[in-house]
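What the coordinates show
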Amino acid sequence: MKVVLPGGTGHLGRVLSRRLAARGDEVVVLTRRDVPPEPGVRHVRWDGRAAGPWTAEIDGGDVVLNLAGRSVNCRYTRANLREMWNSRIDSARVVGGAIERAARPPRVWLQMSTATIYAHRFDAPNDEATGVLGGGEPGAPAYWAYSVDLARAWEREQEVADTPHTRKVALRTAMVMSPEPGGAFAMLLRLTRLGLGGPVAGGAQYLSWIHEDDLVRAIDFLIAREDLSGPVNLAAPEPLPYRDFLRSLREAAGVRFGLPATRWMAEIGAFVLRSDTELLLKSRRVVPGRLRDAGFGFDHPEWAGAAEDLLRGPLRTVG
């Protein structure tokens, strides 16, 4: 199977390309920069904005998994927000155009999206059928609506692409927990080991997550299931309040104490880490309704066991 990964040099791209190549798939990563070679992976240059020779890789491929987009783990400055928007919308549009023009279009286009599309809420979980999309909900900073607008526009680019021979799936992905460097787990574990893994702003806000093994298995499941299209939540079935999530991480890591942080302390910490407090303070209570209804079984449905599994081996390093 030939899999093309636009934007596949980041955290998730490394996880997925390594797994796909290890099992013998032909893996092509489209990248805007020079990167070190990886066993079983070909790197092809693109700019994420315009058609070029790279489109030949999509023509005749089996699967396109578009991961392109600037990381949200940054300060939400105007420049960064503009880059986040452009890198996602432009890449989805140009990938869709390449599929439209392909003589032999891929059978499935998996488009990265985000669980952040759902509302900041505590009262009930969000699945694909009954979940509430965000934007303007009471108690949420007004600028959080930008992330929701971005997610909607991201998915809309895939929806409007004229690809009648290619099934389209939008991957509304929660925080992926992986020992791969640069991800959420590595950051949270570092803070925990420094004694800073306590509840933030009370810790009642929900955190949705998925173990990297289940992420890969869910993507395989979606590739195989020709009856599934449209938005699909990639999240473990047991989201939990941030305070409980961090308590389980401390227990798994053998750390007895986690210093709690107020909202203003979180603002300072986010500034120092060059990140934004939305990643800590928004309540993302997301569940995998369509995956469960389709019969997908999670190997790591609960966070306590997933955290222990992730800590059994060493954190990886970038080669």
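Residues numbered from 1 in each chain as written. Predicted model: local features only at pLDDT ≥ 70, side-chain atom pairs only at ≥ 80, totals over all residues. Heavy atoms only, no water.

1. Section: the environment of Trp303
Structurally, the position occupied by Trp303 is in helix H11 (residues 303-310). Trp303 sits 65 residues away from Glu238 along the chain, and the two C-alpha atoms are 7.5 Å apart. Those residues in contact with Trp303 that lie beyond four places of it in its chain are Met177, Phe185, Trp209, Leu240, Phe245, Ser248, Leu249 and Leu310. A polar side-chain atom of Trp303 sits 3.0 Å from the main-chain carbonyl oxygen of Phe245. (Helix = DSSP H or I, 4+ residues; strand = E, 2+ residues; numbered from the N terminus. Contact = heavy atoms within 4.5 Å. Polar contact = N/O pair within 3.5 Å; in protein donor to acceptor, adjacent residues only side chain to side chain.)

2. Some thoughts on the pattern of salt bridges
Scanning the entire structure with this criterion turns up 21 salt bridges. The salt bridge involving Arg93 is made with Asp90; its shortest N-O contact spans 3.5 Å. Of this pair, Arg93 and Asp90 both sit in helix H3 (residues 78-101), 3 residues apart, roughly one helical turn. Between Asp309 and Arg312 there is a salt bridge, and its shortest N-O distance comes to 3.1 Å. Among the residues examined, Asp309 registers a relative accessible area of 25% and is labelled partly exposed. Sharing partners across several salt bridges, the network here consists of Lys2, Glu26, Arg42 and Glu57. (Salt bridge = Lys/Arg side-chain N within 4 Å of Asp/Glu carboxyl O. Buried < 20%, exposed > 50% of the residue type's maximum accessible area, 1.4 Å probe, protein only.)

3. Points about the environment of Val63
Here Val63 is to be found in strand S4 (residues 63-66). Between the C-alpha atoms of Val63 and Lys2, which are 61 residues apart in sequence, the distance is 6.5 Å. Other than its neighbours up to four places away in sequence, Val63 contacts Met1, Lys2, Val3, Val4, Pro106, Val108, Leu110 and Ile223.

4. Overview of the packing of aromatic side chains
For the structure shown, the criterion picks out 6 aromatic pairs. Residues Trp209 and Trp303 carry aromatic rings whose centres are separated by 5.2 Å and whose planes lie at 65 degrees to one another, so their mutual orientation is edge-to-face. Of this pair, Trp209 sits in strand S9 (residues 209-211) while Trp303 sits in helix H11, placing them 94 residues apart in sequence. For the pair Trp209 and Trp303, a shared accessibility class is recorded, and that class is buried. For the ring pair Phe296 and Phe298, a centre distance of 4.9 Å and an interplane angle of 90 degrees mean the geometry is edge-to-face. The two residues Phe296 and Phe298 agree in class, both being buried. (Phe/Tyr/Trp six-rings, centres within 6.5 Å; stacked < 30°, edge-to-face > 60°.)

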